[in-house]
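# Structural description and commentary
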Amino acid sequence: MKSPDGSLFPAHISGWKNGQSGQQDRAILGITKLHQSRDSETFNVLGDIAHAGRISMLGEMTASISHEVNQPLGSIVTSAEAGLRWLSHEQPNLGEVRTLLERIANSGRRAGNIIAALKGLARNTKPDRKAVDIAALIDEAVLILRSDLSHRQIALRLELAPDLVPVWIDRTQILQVLVNLVTNAAQAMADGQAWNRTLAIRARKDQRRVTVEVEDSGPGVDPKVRERLFESFYTTKIGGVGMGLAICRSIIEAHGSTIELQSSQYLGAQFSFSLPTEPDADGLAARPLLA
Ligand code: ADP
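Presented here is an overview of the structure given in this document. (Residues numbered from 1 in each chain as written. Predicted model: local features only at pLDDT ≥ 70, side-chain atom pairs only at ≥ 80, totals over all residues. Heavy atoms only, no water.)

Another point: the site of the ligand. The ligand sits among 20 residues. The nearest are D216, T235, T236, K237 and G242. Within the contact set of the ligand, a nitrogen atom lies 2.8 Å away from a side-chain nitrogen or oxygen of D216. Backbone polar atom of L245 to an oxygen atom of the ligand: 2.9 Å apart, as the coordinates give it. Its free accessible area being 540 Å², the ligand has 91% of it covered by the protein chains. When atom positions are compared with the pocket grids, the ligand is found to occupy the largest pocket. Going through the elements one at a time, helix 5 (171–189), helix 7 (244–254) and strand 9 (268–276) are the ones with two or more residues in the shell around the ligand. Here the shell around the ligand takes three residues from helix 5, the largest share from any one element. Considering only residue class, the shell around the ligand consists of eleven nonpolar, seven polar and two charged. (Near = heavy atom within 4 Å. Polar contact = N/O pair within 3.5 Å; in protein donor to acceptor, adjacent residues only side chain to side chain. Areas by Shrake-Rupley, 256 points an atom, 1.4 Å probe, with all protein chains shown as cover. 1 Å grid on protein atoms, 1.4 Å probe; cavity = no way out; pocket = protein on both sides within 12 Å on 5 of 7 lines; lining within 4 Å. Sits in = over half its atoms within 2 Å of the grid points. Helix = DSSP H or I, 4+ residues; strand = E, 2+ residues; numbered from the N terminus. Nonpolar A, V, L, I, M, F, W, Y, C, P; charged D, E, K, R; others polar.)

See the structure below:
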């Protein structure tokens, strides 16, 4: 970039879209001057950029949240009003009232699920990175979901490399990622044949990071769904919230990696990510998820 006095300086330019579809889109552009000679300052600047990105994500999400929570609330009010009308008839139609009460309960549950998912995202805003045994953490995730997996008759294959080293992570957040991915995998296989329900979880050392894979033998991810997979509140499930993968993505990005998806109709879906093995393996690892 060129400064007003004509001298050149290195800069980081970031941009993101801000706005809901249907409204006029706005783009925010950030230009941050980088100091080549002062490493620590550059580090802080990069940290601030990541921080700004998270703030923008939060702003974008707030708009979606009010939209998503308003929808079940509106449905509760409409159903309650309709129920009252049915009750005021000379011969109240209790069948209709029952249907409406069920609808109210479902809408209430959906609003509650949305709030619970958000609490998950806001939890642990302070970074709490420690050296963690990833094999033990995977065991813990499997233990949490054990009854769900056996109920759905899913065979589990754990492929944990013998030379795994501890990873430097926020334990609760990565447990949340594993639980989300395994839950999605189990749900994706629910409609398949019982003999073909296999969940594989792998972990192996890759240079200074550990790669984790969660693979299912479900139908894979439809290319149309794939484009929107990580969007907040995008779901194809009845009663789904669509926050699981959005949360996974921001947690994994805060750990200096990205979530990759390999998917095919025949082999199912495989989500993978990597985790740092040292505190400063990536400069942003010590930053909070949301600030
Ligand atoms: P939710 O589980 O509430 O729908 P997610 O963000 O976790 O929210 O997932 C978004 C969507 O991604 C799901 O509704 C589903 O369509 C798709 N998806 C996620 N994981 C898988 C998987 N393992 N196989 C196929 N589709 C998946």
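Still to come is the rest of the account.
A few words now on unusual backbone geometry. Trans is the common state for peptide bonds, and a negative phi is the common state for residues other than glycine. With a phi close to 50 degrees, Q207 is a non-glycine residue in the positive phi region. For Q207, the location among the structural elements is in the loop between strand 6 (198–206) and strand 7 (209–216). Here the phi dihedral of F233 falls at roughly 65 degrees; this positive angle occurs in a residue that is not glycine. The class for F233 is buried, based on a relative accessible area of 10%. (Buried < 20%, exposed > 50% of the residue type's maximum accessible area, 1.4 Å probe, protein only.)

Glancing now at helix 3 (residues 134–144). Looking only at helix 3, the buried set comprises I134, L137, I138, A141 and V142. On an axial view of helix 3, the arc spanned by its buried residues comes to 140 degrees, and they lie on one face. Capping of helix 3 at its N-terminal end is provided by D133; its side-chain oxygen lies 3.0 Å from the backbone amide nitrogen of A135. (Arc of directions from axis to C-beta.)

This paragraph deals with the environment of E278. Along the chain, E278 falls in the segment after strand 9. With relative accessibility at 29%, the residue E278 sits in the partly exposed group. Separated by 147 residues in sequence, E278 and A131 place their C-alpha atoms 8.0 Å apart. Not counting chain neighbours up to four residues away, the residues in contact with E278 comprise W168 and R208. Within polar-contact distance, the side chain of E278 engages the side chain of R208 at 3.1 Å. (Contact = heavy atoms within 4.5 Å.)

With that settled, consider the sheet that holds strand 4 (residues 155–160). Taken in spatial order, the five strands make up an open sheet running 4-6-7-9-8, and their pairing is mixed. Here the strands that pair on one side only, and so sit at the sheet edges, are strand 4 and strand 8 (260–264). Direction aside, neighbouring strands of the sheet carry axes that sit 15 degrees apart on average. Where strand 7 and strand 9 come together, seven bridges link them in antiparallel fashion. Bridging across to strand 9, R209 finds its partner in P276. (Pairing = 2+ DSSP bridges. Axes fitted to C-alpha atoms, helices over the stretch in contact; angles between N-to-C directions.)

Turning our eyes to something else, we now look at the nonpolar core. One broad trend across soluble globular proteins is that nonpolar side chains are buried collectively. Among the nonpolar cores identified, the biggest contains 49 residues, and L199, F271, F273 and L275 are the most heavily contacted of them. For this core, the elements supplying multiple residues, two or more each, are helix 1 (39–88), helix 3, strand 5 (167–170), helix 5, strand 6, strand 7, helix 7 and strand 9. For this core, the leading source of residues is helix 5, giving ten residues. In this structure, L199 is in contact with L149, I154, A155, L156, R157, V182, A185, M189, V214 and E215, ignoring residues within four places of it in sequence. (Core = buried A, V, L, I, M, F, W, Y, C linked by side-chain atoms within 4.5 Å.)

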